[in-house]
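For reference, the chains in residue letters:
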Amino acid sequence: MLTVSDVVTALKSADARTVIRLLHLGNFVLVGRIPEENEDQWTYRTGEGLPPIPMRDATSLRLDALVWPLVPQKTKAPKAGGGPQQLLLGRSRSNDVMVVHSSISKLHARLAVGDNNITVEDAGSRNGTFVNGRRLMDTKVTMESGDVLTAGSVLLTLLTTPALLGGARLIPLGR
């Protein structure tokens, strides 16, 4: 698991291309944090989510935020015709993007990651998948950098890798 602090540290000693290669970053990342259990219980009791961390862009990155690269973790044959790569998000180790939290289903959502865009669909999760507050119901939604993906009670911001690196460069290591 990567943190924004890891990205900041890597940028202090290498150029962006090297950092992307060393940290196994693709074109997009999800950035957020796992809520504490007491936050999770509050969310379920009130029915209201907590504000996403970071907010809607890379200028509000925090050193302790987690970074999930949107690249396949398992070796998969490339799709014929160079179409989008499908990634699975969920609590289970068998997923490409593993988010360990009680509100996340074993298989929560499917992401189709192309060169310039990402589509997301719910995989029949127990607590739902939302993009910018809208629940995904039997539909795929195209996401853009800055969009907020909510899986269960975990809030994740989609960023392009250049946006992540640009925001990380602005963070002093001593913060």
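Just above, that's the structure.
Residues numbered from 1 in each chain as written. Predicted model: local features only at pLDDT ≥ 70, side-chain atom pairs only at ≥ 80, totals over all residues. Heavy atoms only, no water.

Within strand β12 (residues 154–160), 6 of the 7 residues are buried, which leaves it mostly tucked inside the rest of the structure. As defined by bridge partners, strand β2 (residues 28–32) adjoins β12 across 5 bridges and the pair is classed as antiparallel. Across the sheet, G32 pairs through a bridge with L156, a residue of β12. Summarising the sheet, strand β11 (residues 148–151) and β12 pair through 4 bridges and their orientation is antiparallel. Within the sheet, the bridge partner assigned to L149 lies in β12 and is L156. In this antiparallel pair of consecutive strands, β11 and β12, the connection spans 2 residues, and G152 shows a positive phi of 60°. (Buried < 20%, exposed > 50% of the residue type's maximum accessible area, 1.4 Å probe, protein only. Helix = DSSP H or I, 4+ residues; strand = E, 2+ residues; numbered from the N terminus. Pairing = 2+ DSSP bridges.)

A few words on the packing of helix α1 (residues 4–13) against helix α4 (residues 161–169). Two elements in contact, α1 and α4, have axes separated by 9 Å at closest approach and are oriented at 80°. Accordingly, the angle class assigned to the pair α1 and α4 is roughly perpendicular. Each of V7, V8, L11 and K12 in α1 lies in contact with α4, whose residues at this interface are L164, L165, A168 and R169. (Axes fitted to C-alpha atoms, helices over the stretch in contact; angles between N-to-C directions. Parallel < 35°, antiparallel > 145°, perpendicular 65-115°, else oblique. Contact = heavy atoms within 4.5 Å.)

Pairing is mixed across the open sheet formed by 5 strands, whose spatial order is β5-β4-β6-β7-β10. Edge positions in the open sheet fall to β5 (97–98) and β10 (141–143), since each of these has one partner strand only. Where strand β6 (residues 109–113) and strand β7 (residues 118–122) come together, 5 bridges link them in antiparallel fashion. The residue of β7 that forms the bridge with L111 is V120.

Roughly 240 Å³ of volume is contained in the second largest pocket. Lining the second largest pocket are 15 residues, with M1, W68, P69, Q73 and D96 positioned closest to its centre. Contributions of two or more residues to the lining of the second largest pocket are made by β3 (66–69) and β5. Counting residues per element, the lining of the second largest pocket draws most heavily on β3, at 3 residues. Class assignment of the residues belonging to the lining of the second largest pocket gives a composition of 10 nonpolar, 3 polar and 2 charged. (1 Å grid on protein atoms, 1.4 Å probe; cavity = no way out; pocket = protein on both sides within 12 Å on 5 of 7 lines; lining within 4 Å. Points joined across faces, edges and corners; volume = space filled by probe spheres on them. Nonpolar A, V, L, I, M, F, W, Y, C, P; charged D, E, K, R; others polar.)

Before going further, it helps to examine unusual backbone geometry. One non-glycine residue, H24, adopts positive backbone phi at about 55°. Along the polypeptide, H24 turns up in the loop between α2 (16–22) and β2. At D138, a position not held by glycine, the phi torsion is positive, near 50°. Its location among the elements puts D138 in the loop between β9 (134–135) and β10.

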